[in-house]
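The residues making up each chain are set out below.
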Amino acid sequence: MKLRSITIFLFVLLIASQAIGSTRIVQSLDAGWRFFKGDVAGAEAAVFDDSKWRTVDTPHDWSIEGPFAAKNPTGGSGGFLPAGIGWYRKSFVLPKEFAGRRIFVEFDGVMANSDVWINGTHLGKRPYGYVSFGYELTVHLFGNSKANVLAVRADNSGQPASRWYSGAGIYRHVRLLATDPVHLAEWATYITTPKITEAKAVVHIECMIANQSEKPRDVELQITINSPAGKSQAIYKTRFRVIPEGQGVDYHEDVDVTNPRLWQLEHPDLYHAQLVVKSANRILDEQVTAFGIRDARFVSETGFWLNGRSVKIKGVCLHHDGSAFGAAVPLRVWERRLEQLRELGVNAIRTAHNPPAPEFLDLCDRMGFLVMDEIFDCWTVGKTPFDYHMFFKDWSQADIRDTVLRDRNHPSIILYSAGNEIHDTPKEDLAKKILAGLVEVFHQFDPSRPVTQALFRPNVSHDYDNGLADLLDVIGTNYRDLELLAAYEAKPTRKIIGTEQRHELATWLAARDHVQHAGQFLWSGIDYLGESLKWPIIAAASGLLDRTGAIKPMAYERQSWWSEKPVVHIVRRINPALAVPTDPGFAALGGLQSQFADWTPPNAGPHEETVEAYSNCEEVELLLNGKSLGGKA
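The structure presented is a predicted model; accordingly, all values stated were derived computationally and were not measured. (Residues numbered from 1 in each chain as written. Predicted model: local features only at pLDDT ≥ 70, side-chain atom pairs only at ≥ 80, totals over all residues. Heavy atoms only, no water.)

**Q** Describe the overall build of the protein chain, and please don't skip the residues or the numbers.
**A** The secondary structure content of the protein chain amounts to 7 helices and 37 strands. Compactness check: the protein chain gives a C-alpha radius of gyration of 26 Å against a globular reference of 26 Å for 633 residues, within 12% of the reference. For the protein chain, contacts bridging at least 24 residues in sequence account for 69% of all contacts bridging at least 6. Accessible surface, the protein chain as shown: approximately 25,800 Å² in total, 54% of it carbon and sulfur. (Helix = DSSP H or I, 4+ residues; strand = E, 2+ residues; numbered from the N terminus. Rg over C-alpha atoms; globule rule 2.2 N^0.38 Å. Contact = heavy atoms within 4.5 Å. Areas by Shrake-Rupley, 256 points an atom, 1.4 Å probe, with all protein chains shown as cover.)

Here it is in structure tokens:
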């Protein structure tokens, strides 16, 4: 197989790039960047004087520094925070152990329209701020202890460019990767578990060994499967194969694992595949990839199944910001938030409406959350003047490819989503052509997982009748669960899931009481910046958690429906429950708080308030200052 162009180089997950010995070296580039907010002529040049620029560490989101202002061009969509151009420059000297290696730089995400230079040479541009990407640096680097300069220009000055707060700058991690010229191609390792029994699991491993040296090389691949306890459980060696210079060789190998421990929600056990490339008894490259042994599938008649057990998906939609942290969210913030959501009975996350940071998926793997990995919020028809519709034609298939290659070894991911409430769908022929092409790319790079789309008003655009919905492996619909169930009744071979739902009981019962309904994703799991009604409101308040990660009083009602543990929780209500519109729109995003956990209302005089108790118990008794006011079933 010919090597893919190095201008868009494939990169491995961080967990798969840990150096073992000195064969593969990973060096963080997060510390000590020079940053300037604004545009500067000539800042890509190695000799440019950046001594007066600020020093920052990445991940870095300069937009969250503010100020919040009604005049900011992001408007309510972006939380009234600033946008514009930001420059970053990083100087580094190559360590001696990098000599003779191929050197690459990896970016987990730059918001947005990034241009990257090394020592004044332009490496490439990437418009979409949510995708990971990278470039080879080898031929452009200085040796002899001379400092190299990596320069990045990020531009989100065209606003509004999103319907929520996106952040700005190098808001995810950056690293250098150094490999032998003969090495495992990045993101080319693909692990599936096609056959699983109690006694044995077949682990199928695909990878590519690339030869970027100047002569043919005779290589051997050794695969070691390490158990969740870290012990070697299976070892497999291939025969030696000759790889011509400038080319790569694909491997497709099966390794048996006895008495497998399955990746499950309650016990998310992770195995690690260690791939070692050898030549003439010398180790050239090593790579470790985490994976889970699990069988996940959607069944038209009975919903979602994990390892032979029916599981109702109890999910929430999450945007990528961390409130005061902006888009550069420390991992512990996400971990605490997921711990809180789990307390409420949540078992699944929809990454609304874009690929998340890779470490977020690592976290879901370790904690045992199911994930719908969503890619786009729009196709060719935009929702804001400067959003992804400007780049969809040229970049959509590459962005899907790179996201799937990056993410496909995560056992947490059970479903890809090709888009959210896409406005192209009324144009039937165009929409079907686009969707068919997107689904084909998903299947090409990961045939093991189904593809859905968050359809919106499918009864209006006739998606159930015109064939568009049936291009999907699993039909997803927003806010139309009864229509979704009717679509299943009309064609019982359809697999269905609610991709975005309201918080009221009727919507939950539509999923709970119909076995063919795989489950639902609430809008939303956590309050988030942007999508505000008007200044000075800066955020949307539809979450089960507030922006500090605290559980909101309304969330205990959901806990009483979703949790397996006994639940009794009391709140006071000051307003009646609002009627839920057919289309929730912004009314559902920023509504007034009605339930409170405290018992000291501002008005101490007579007033009308309601006591509500949320429980999954047989009966609840209410006491006031020790006196029983009675019980209710």
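**Q** Account for the sheet that holds strand S35 (residues 610–615), naming residues and giving values.
**A** In space, the 3 strands of this open sheet follow the order S34-S33-S35, with antiparallel pairing throughout. Looking at which strands have only one partner, the edges of the open sheet turn out to be strand S34 (595–596) and S35. As defined by bridge partners, strand S33 (residues 568–573) adjoins S35 across 6 bridges and the pair is classed as antiparallel. Opposite histidine 569, over in S35, you have tyrosine 614 as the bridge partner. (Pairing = 2+ DSSP bridges.)

**Q** Got a sec to walk through the pattern of salt bridges? Specific residues and values, please.
**A** Under the definition given, this model contains 37 salt bridges. In this structure, aspartate 39 engages arginine 153 in a salt bridge whose closest nitrogen and oxygen atoms are separated by 2.9 Å. Pair noted here: aspartate 39 is in the loop between strand S2 (33–37) and strand S3 (54–56) and arginine 153 is in strand S9 (residues 148–155), with a separation of 114 residues, a long-range link. Look at the salt bridges and you will find they share partners, linking Arg126, Asp399, Arg401 and Asp402 into a network. (Salt bridge = Lys/Arg side-chain N within 4 Å of Asp/Glu carboxyl O.)

**Q** A description of the packing of helix H3 (residues 392–407) against helix H4 (residues 428–445) should follow, citing residues and the corresponding values.
**A** Where H3 meets H4, the axes come as close as 9 Å, and the angle between the chain directions of the two elements is 25 degrees. On the basis of the axis angle, H3 is roughly parallel to H4. As for the relative orientation of H3 and H4, their crossing is right-handed in sense. Here H3 contributes Phe392, Ser396, Gln397, Ile400, Arg401, Val404 and Leu405 to the contact with H4, which in turn contributes Ile434, Gly437, Leu438, Val441, Phe442 and Phe445. Of the residues assigned to the contact of H3 with H4, the class counts are 9 nonpolar, 3 polar and 1 charged. (Axes fitted to C-alpha atoms, helices over the stretch in contact; angles between N-to-C directions. Parallel < 35°, antiparallel > 145°, perpendicular 65-115°, else oblique. Left-handed = near helix turned anticlockwise from the far one by under 90°. Nonpolar A, V, L, I, M, F, W, Y, C, P; charged D, E, K, R; others polar.)

**Q** Residue-level account of helix H6 (residues 505–512), with values.
**A** Here H6 has its buried residues at Thr507, Trp508, Ala510 and Ala511. With its buried residues spanning 155 degrees around the axis, H6 presents them on a single face. Of the surrounding secondary structure, the elements contacted by the buried residues of H6 are strand S23 (313–318), helix H5 (481–490), strand S29 (496–501), strand S30 (517–522) and helix H7 (555–562). (Buried < 20%, exposed > 50% of the residue type's maximum accessible area, 1.4 Å probe, protein only. Arc of directions from axis to C-beta.)

**Q** Which residues make up the pairing of strand S8 (residues 133–136), and what are the values?
**A** Here S8 shows a buried face lined by Phe133 and Tyr135 and a second buried face lined by Gly134 and Glu136. Two elements, strand S5 (residues 102–107) and S8, share 4 bridges in a ladder whose sense is antiparallel. By the bridge assignment, valine 105 is partnered in S8 with tyrosine 135.

**Q** Describe the nonpolar core, listing the residues and the values that go with them.
**A** Judged by nonpolar contacts, the single largest core of 95 residues is most densely connected at Leu338 and Leu341. When residues in this core are grouped by element, the largest group, 8 residues, is from H4. In contact with leucine 338, other than residues within four places in its own chain, are Leu318, Ile349, Phe360, Leu363, Cys364, Met367 and Phe369. With 28 residues, the next largest nonpolar core counts Trp62, Tyr135, Ala154 and Leu176 among its residues. (Core = buried A, V, L, I, M, F, W, Y, C linked by side-chain atoms within 4.5 Å.)

**Q** I'd like a rundown of the packing of aromatic side chains, residues and numbers included.
**A** Scanning the model with the defined rule gives 22 aromatic pairs in all. Measuring from centroid to centroid gives 4.5 Å for tyrosine 128 and tyrosine 388, while their planes differ by 50 degrees, and the two rings are tilted. Within this pair, whereas tyrosine 128 is found in the loop between strand S7 (121–126) and S8, its partner tyrosine 388 is found in the loop between strand S25 (370–374) and H3, the two being separated by 260 residues in sequence. Summarising the burial analysis for this pair, tyrosine 128 and tyrosine 388 share the class buried. Considering the side-chain rings of phenylalanine 376 and phenylalanine 392, the 5.8 Å spacing of their centres and the 75 degrees angle between planes classify their relative orientation as edge-to-face. (Phe/Tyr/Trp six-rings, centres within 6.5 Å; stacked < 30°, edge-to-face > 60°.)

**Q** Give a detailed account of the sheet that holds strand S22 (residues 309–310), specifying residues and quantitative values.
**A** The strand order S20-S21-S22 describes an open sheet built from 3 strands, whose pairing is antiparallel. The open sheet has two edge strands with one neighbour each: strand S20 (296–299) and S22.

**Q** Lay out the environment of histidine 443 with the relevant residues and their values.
**A** Positionally, histidine 443 belongs in helix H4. Taking the relative accessible area as the measure of exposure, histidine 443 reaches 28% and is therefore partly exposed. Each C-alpha atom of the pair histidine 443 and valine 404 lies 9.4 Å from the other, and the pair is 39 residues apart in sequence. If sequence neighbours within four positions are ignored, histidine 443 has contacts with Arg449, Val451 and Asp473. Only 2.7 Å separates the side chain of histidine 443 from the side chain of aspartate 473, close enough to count as a polar contact. (Polar contact = N/O pair within 3.5 Å; in protein donor to acceptor, adjacent residues only side chain to side chain.)

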